[in-house]
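# Chain and residue survey
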Protein chains: 2
Amino acid sequence: MARVRPTSDDRERIRKVADAILTRISDLAEDRGLQAQAMLVGSAARGTWLAGDHDLDIFIAVPEASDIKDALSLARAVAPEHEEKYAEHPYVHAAIEGFDVDLVPCYLLENTSRLKSAVDRTPFHTRYVLGKISGLEDQVLLLKQFMKGIGVYGSELKVGGFSGYLSELLVLRYGSFMGVLEGASGWRPGKIIDLECGGVLSHDGPLVVVDPVDPKRNVAAALTLDKMLQFAASARCFIKGPSLDFFFPGRIQPLTDEELIKIMELRRSAFILLEFPAPPVVEDILFPQLRKAEESIRFLLARNEFSVLRSDVESVNGLAWVLFELDVWELPRIVRRFGPPAYEGDHLSRFISSHPHPISGPYVEGGRAVVEVERKHTKAWDLLEGELPKLSLGKHLAVEIQKCHSIYVGPAIVTTTSPEFKTFLARYFSRGQRIC
Amino acid sequence: MARVRPTSDDRERIRKVADAILTRISDLAEDRGLQAQAMLVGSAARGTWLAGDHDLDIFIAVPEASDIKDALSLARAVAPEHEEKYAEHPYVHAAIEGFDVDLVPCYLLENTSRLKSAVDRTPFHTRYVLGKISGLEDQVLLLKQFMKGIGVYGSELKVGGFSGYLSELLVLRYGSFMGVLEGASGWRPGKIIDLECGGVLSHDGPLVVVDPVDPKRNVAAALTLDKMLQFAASARCFIKGPSLDFFFPGRIQPLTDEELIKIMELRRSAFILLEFPAPPVVEDILFPQLRKAEESIRFLLARNEFSVLRSDVESVNGLAWVLFELDVWELPRIVRRFGPPAYEGDHLSRFISSHPHPISGPYVEGGRAVVEVERKHTKAWDLLEGELPKLSLGKHLAVEIQKCHSIYVGPAIVTTTSPEFKTFLARYFSRGQRIC
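A quick note: this is a predicted structure, and the numbers were derived from the prediction, not measured.

Conventions used here
- Residues numbered from 1 in each chain as written.
- Chains lettered and ligands numbered in written order.
- Predicted model: local features only at pLDDT ≥ 70, side-chain atom pairs only at ≥ 80, totals over all residues.
- Heavy atoms only, no water.
- Contact = heavy atoms within 4.5 Å.
- Buried area = accessible area lost by both parts, 1.4 Å probe.
- Salt bridge = Lys/Arg side-chain N within 4 Å of Asp/Glu carboxyl O.
- Helix = DSSP H or I, 4+ residues; strand = E, 2+ residues; numbered from the N terminus.
- Buried < 20%, exposed > 50% of the residue type's maximum accessible area, 1.4 Å probe, protein only.
- Expected span 1.5 Å × (residues − 1).
- pLDDT = per-residue confidence, 0-100.
- Least-squares fit on C-alpha atoms with pLDDT ≥ 70 in both.
- Pairing = 2+ DSSP bridges.
- Axes fitted to C-alpha atoms, helices over the stretch in contact; angles between N-to-C directions.
- Phe/Tyr/Trp six-rings, centres within 6.5 Å; stacked < 30°, edge-to-face > 60°.
- Lys NZ or Arg CZ within 6 Å of the ring centre and 35° of its normal.
- Parallel < 35°, antiparallel > 145°, perpendicular 65-115°, else oblique.
- Left-handed = near helix turned anticlockwise from the far one by under 90°.
- Nonpolar A, V, L, I, M, F, W, Y, C, P; charged D, E, K, R; others polar.
- Core = buried A, V, L, I, M, F, W, Y, C linked by side-chain atoms within 4.5 Å.

## Re the interface of chain B and chain A
The interface of chain B with chain A comprises 54 residues on the first partner and 54 residues on the second. It is Arg-268, Arg-333 and Tyr-343 of chain B in chain B that bury the most area against chain A; as a group they hold 14% of the surface buried on that side. Remark: the boundary between chain B and chain A carries 6 salt bridges. Between Arg-310 of chain A and Glu-372 of chain B there is a salt bridge whose closest N-O contact spans 2.6 Å. Of all the secondary-structure elements, those providing two or more residues to the side of chain B that touches chain A are helix 8 (225–240), helix 9 (257–267), strand 10 (307–316), strand 11 (319–328), strand 12 (334–341), helix 11 (345–353), strand 13 (360–365) and strand 14 (368–374) of chain B. Here the element with the most residues in the side of chain B that touches chain A is helix 8 of chain B; it accounts for 7 residues.

Rendered as structure tokens:
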């Protein structure tokens, strides 16, 4: 417990910093004659933050009738040295006395019936949890750390895992950390959890947790099937054989170039890496675009009879990577093209005249006309380089890739790019989850 | 016409030889006190044999009540130097005065309602065609030679094409050679031709031609979809641009070893050849077994993620071959094994314990558990050599293959086997049909 529960000194310090910021916002609002209310939300407000976390979420709420930009200008004024970010709406991020502080404008609402954006819901979540969680904070901490340890914590799109609020609701539903694990070990896709009997309004997603403060919303909407089932399977493992390793799995060791190349030689597959500068957008915009690019390229390769064993995406320090490991990366020069059913005279004539000099054929096979012609790209990387400009990639990605990109092949992927990539690669190779 | 119609000298000679054999059978039967009737059947009897053909089909019919072995012993006695063959029943094959003579025992029947075997039907076919074909013999000869030229003539299972009787019925149906081509150019799978309105009794097959003497039977039962559609497509071509080449396409030129290897290098695919002694059975038994072996091996390769571009079978001079041309013949050492859905706890546990030391994994992907393990056979030929004994091959083939076989790979297939194989290979490469 000591490793997950913040010390009383930590608690004292976070309270002090938060109070100072809240007071400063109130003062500034008064100076400006604005009716704005600042509030601490998130795990710091609910007493469910993990030791070592230094995130503070502070919301600046203005009345429905006012302009939300007033709240944004307050945020800017509170933290003169800040970074402006953008999710559904703009917000301010600043480092204040060692904490990562998000200052988020929102509307002050009486109830959830007139939500203007997702952030307007957060104060209601904090109020709901605060009213019920008392005495269960440690159970939440255990669950969050467990989820972190097995890699399913975080509702950002890069992770697709469990949000803090979701983990709190699970503890409320099942009563304890072990209760959640026991419950989850029996989960199947389609599981529904509805704490306040709010009813389920055609939610989809593998897990539906009805939001107690807004039944139209699925709290687990960002959770992917794989993260859900991995959590369930890890829960089963932990129940069979509990171990601290679930919570603190030890960091992936970076591997040397020689080690990485040795692993690649053992696998005897082929690696292709697409590298380009990450566009300046938040991860929740970047990662869906990276996944889209990954899918487009997988589809391109498959359509041309190459075969992908596994692929993954990552972005660190301004660089973005889409990595492919291939089963089949080189094909014969000869390729068969299948034409129409041989009894469709007109189609057949057009097909045959569009291949005037086949290497073999035309012949009839399985009722269809077939010709054997020369393949345009016999190597997967030539195909990728040749077709990349025509692919449907994410909007921001397409711009960056057009400006500049590199394609690395085979062992070259290890030696030609950044150290962060090697960590990504080491994680890729070590992939193995606690499931049973 | 001169190249397809037998000369009057030819006609004279065939009649003389046939008459001599028929008389000899009658005499012998009388000597033995047997009630047997010999008759000339097939194209020689119907005046529809092609110039250069030297086949004589003579049936020896005995009354229903007698033993068919009497007919067989007559056949043996007529041609002391003979070879015994076996299709549905045993028969005798002999070379007599330059002709290939088949002496086939059958029953003497009043009508087709009590047929004992397929050969009993033949005399009825001859009678039916003789009664109608007069004046159309040349049309039949043109059609047969056209079918020969484009490679769809012959109902033996090796070819899967049109029988002589089928081509005669088509001329009766469409009135002339050009009539047949015009009719066929519109054929689609499922086409039904019923000359005597005998009705169709749930025949399947791409083309159904109801036998006028036995409506239960589809005369085109042996015709494959591909040969049917190739005939239809060639008919369209001929109508658009008639040419003697359809009838006399010129022989496939045998290629030198260097030429064959050059073609293989151009294609950049991989060839695997399975060679073994052909079992001593007729082609109608051998070829279905060769095709079965071909299918079993294709399935084995596909199941193991290798990919076959094209394959073919052949047997000449006591050797049999199953040839595969591969798109993908070598795979990485690493292979993914997909387990059960990750929520099926018991199955999952068994799956994970059956792969105790995966190279990567287990992990959850698409809702299922996945491990990455070592592939047993990374090369297609190793797989074939290793799994051949376990495959379901044809009965006679399995015996021969177990006794002795060779597997050749790549350019070695050209240099290590017989000259007949090279002709087969040249035909394989030159494959191209007159379709449009």
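## Digging into the environment of Leu-331 of chain B
Here Leu-331 of chain B is to be found in the loop between strand 11 and strand 12. Leu-331 of chain B gets classed as buried once you look at its relative accessible area, which sits at 3%. For the pair formed by Leu-331 of chain B and Asp-120 of chain B, sequence separation is 211 residues and the distance between their alpha carbons is 55 Å. Ignoring sequence-local partners within four residues, the contact set of Leu-331 of chain B consists of Asp-327 and Val-328 of chain A together with Asn-304, Glu-305, Phe-306, Arg-375 and Thr-378 of chain B.

## Notes on the pattern of salt bridges
Counted according to the given criterion, the structure contains 44 salt bridges over all chains. As a salt-bridge pair, Glu-325 of chain A and Arg-267 of chain A come within 2.7 Å of each other at their nearest N and O atoms. Of this pair, Glu-325 of chain A sits in strand 11 (residues 319–328) while Arg-267 of chain A sits in helix 9 (residues 257–267), and the two are 58 residues apart along the sequence. Residue Glu-325 of chain A is classed as buried on the basis of its relative accessible area, which comes to 0%. Here Arg-336 of chain B ties to Glu-365 of chain B by a salt bridge, and the two come within 3.0 Å at their closest N and O atoms. Here Arg-336 of chain B, found in strand 12, pairs with Glu-365 of chain B, found in strand 13; they are 29 residues apart in sequence, far enough to count as distant. Accessibility expressed as a relative area gives 14% for Arg-336 of chain B, which makes it buried. Taken together, the shared-partner salt bridges in this structure form one network comprising Arg-267, Arg-310 and Glu-325 of chain A together with Glu-372 of chain B.

## Remarks on helix 8 (residues 225–240) of chain A
An α-helical turn contains 3.6 residues, so any two residues separated by three or four positions project in the same direction. Taking 1.5 Å per residue as the helical rise, helix 8 of chain A with its 16 residues ought to reach 22 Å, and the 23 Å between its terminal C-alpha atoms agrees with that figure. Turning to helix 8 of chain A, its buried residues are Met-228, Leu-229, Gln-230, Phe-231, Ala-232, Ala-233, Ser-234, Ala-235, Arg-236, Cys-237 and Phe-238 of chain A.

## Here we look at the confidence of the model for chain A
Of all residues in chain A, 100% attain a pLDDT of 70 or more, and the chain-wide mean is 91. Model confidence for the complex: the whole-complex pTM is 0.85, and ipTM, which rates the interface, is 0.88.

## What about the relation of the copies chain B and chain A?
Superposition record for chain B on chain A: RMSD 0.1 Å, screw rotation 180°, translation along axis 0.0 Å. The operation mapping one copy onto its partner corresponds to a two-fold rotation axis. Residue Val-328 of chain B, judged by its C-alpha, is the member of chain B lying nearest the rotation axis, at 3.6 Å. Same-surface contact between copies: 100% of interface residues of chain B are shared with the interface of chain A.

## A few points about the sheet that holds strand 9 (residues 270–277) of chain B
All names here are of chain B. Pairing is antiparallel across the open sheet formed by 4 strands, whose spatial order is 10-11-9-15. Looking at the sheet topology across the chains shown, the edges are occupied by strand 10 and strand 15 (406–409). Adjacent strand axes in the sheet meet at a mean angle of 15° when their direction is disregarded. The pairing of strand 9 with strand 15 spans 4 bridges and is antiparallel. Across the sheet, Ile-272 pairs through a bridge with Val-409, a residue of strand 15.

## So, the pairing of strand 9 (residues 270–277) of chain A
Residue and element names in this part refer to chain A. Taken across its 8 residues, strand 9 has 7 buried, putting it largely inside the fold. When strand 9 meets strand 11, the two strands line up antiparallel, connected through 8 bridges. Along strand 11, the bridge assignment pairs Phe-271 with Glu-325.

## Re the packing of aromatic side chains
A complete count under the given rule lists 37 aromatic pairs over all chains for this structure. Considering the side-chain rings of Phe-146 of chain B and Phe-231 of chain B, the 6.1 Å spacing of their centres and the 75° angle between planes classify their relative orientation as edge-to-face. Pair noted here: Phe-146 of chain B is in helix 5 (residues 137–150) and Phe-231 of chain B is in helix 8, with a separation of 85 residues, a long-range link. By relative accessible area, Phe-146 of chain B is classed as buried at 0%. Cluster of aromatic residues (ring-pair linked, three or more members): Phe-146, Phe-162, Phe-177, Trp-187, Phe-231, Phe-238, Phe-246, Phe-247 and Phe-248 of chain B. One cation-aromatic arrangement involves Arg-127 of chain A over Phe-124 of chain A; the distance from NZ or CZ to the ring centre is 5.0 Å. Over the aromatic face of Tyr-428 of chain B sits the side chain of Arg-310 of chain B, whose NZ or CZ is 4.0 Å from the ring centroid.

## Quick look at the packing of helix 5 (residues 137–150) of chain A against helix 6 (residues 164–174) of chain A
Residue and element names in this part refer to chain A. In contact at an axis separation of 9 Å, helix 5 and helix 6 are set at 125° when each is read in the N-to-C sense. Here helix 6 runs oblique to helix 5, going by the angle between their axes. When the axes of helix 5 and helix 6 are compared, the crossing they make is right-handed. Where helix 5 approaches helix 6, its residues Gln-139, Val-140, Leu-143, Lys-144 and Met-147 are matched on the opposing element by Gly-164, Ser-167, Glu-168, Leu-170 and Val-171. Its residues assigned to classes, the contact of helix 5 with helix 6 shows 5 nonpolar, 3 polar and 2 charged.

## Points about the nonpolar core
By size, the foremost hydrophobic cluster in this structure holds 74 residues, and its most contacted members are Ile-21, Leu-103, Phe-162, Leu-170, Trp-187 and Phe-231 of chain B. Per-element accounting of this core gives the leading share, 8 residues, to helix 1 (residues 8–32) of chain B. Aside from chain neighbours lying at most four places away, what touches Leu-103 of chain B is Ile-21, Ile-25, Ile-58, Ile-60, Ala-75, Val-78, Ala-79, Tyr-91 and Val-92 of chain B. Residues Leu-72, Val-78, Tyr-128 and Ile-150 of chain A belong to the second largest nonpolar core, which totals 69 residues.

## Side note on the pairing of strand 14 of chain B
Residue and element names in this part refer to chain B. Where burial is concerned, most of strand 14 is hidden: 5 out of the 7 residues are buried. Taken together, the 6 bridges between strand 12 and strand 14 define a ladder with antiparallel strand orientation. Across the sheet, the residue bridging to Phe-338 is Val-370, located in strand 14. Hairpin connection from strand 13 to strand 14: 2 residues lie between these consecutive antiparallel strands, with Gly-366 at a positive phi of about 60°.

## Some details on the packing of helix 10 (residues 283–303) of chain A against helix 13 (residues 395–403) of chain A
Residues and elements named next belong to chain A. Running from amino to carboxyl end, helix 10 crosses helix 13 at an angle of 70°, the nearest separation of the two axes being 8 Å. Of the possible angle classes, the one that applies to helix 10 and helix 13 is roughly perpendicular. In this structure, helix 10 crosses over helix 13, and the sense of that crossing is right-handed. For the pair helix 10 and helix 13, the contacting residues are Ile-285, Leu-286, Gln-289, Leu-290 and Ala-293 in the first and Lys-395, His-396 and Leu-397 in the second.

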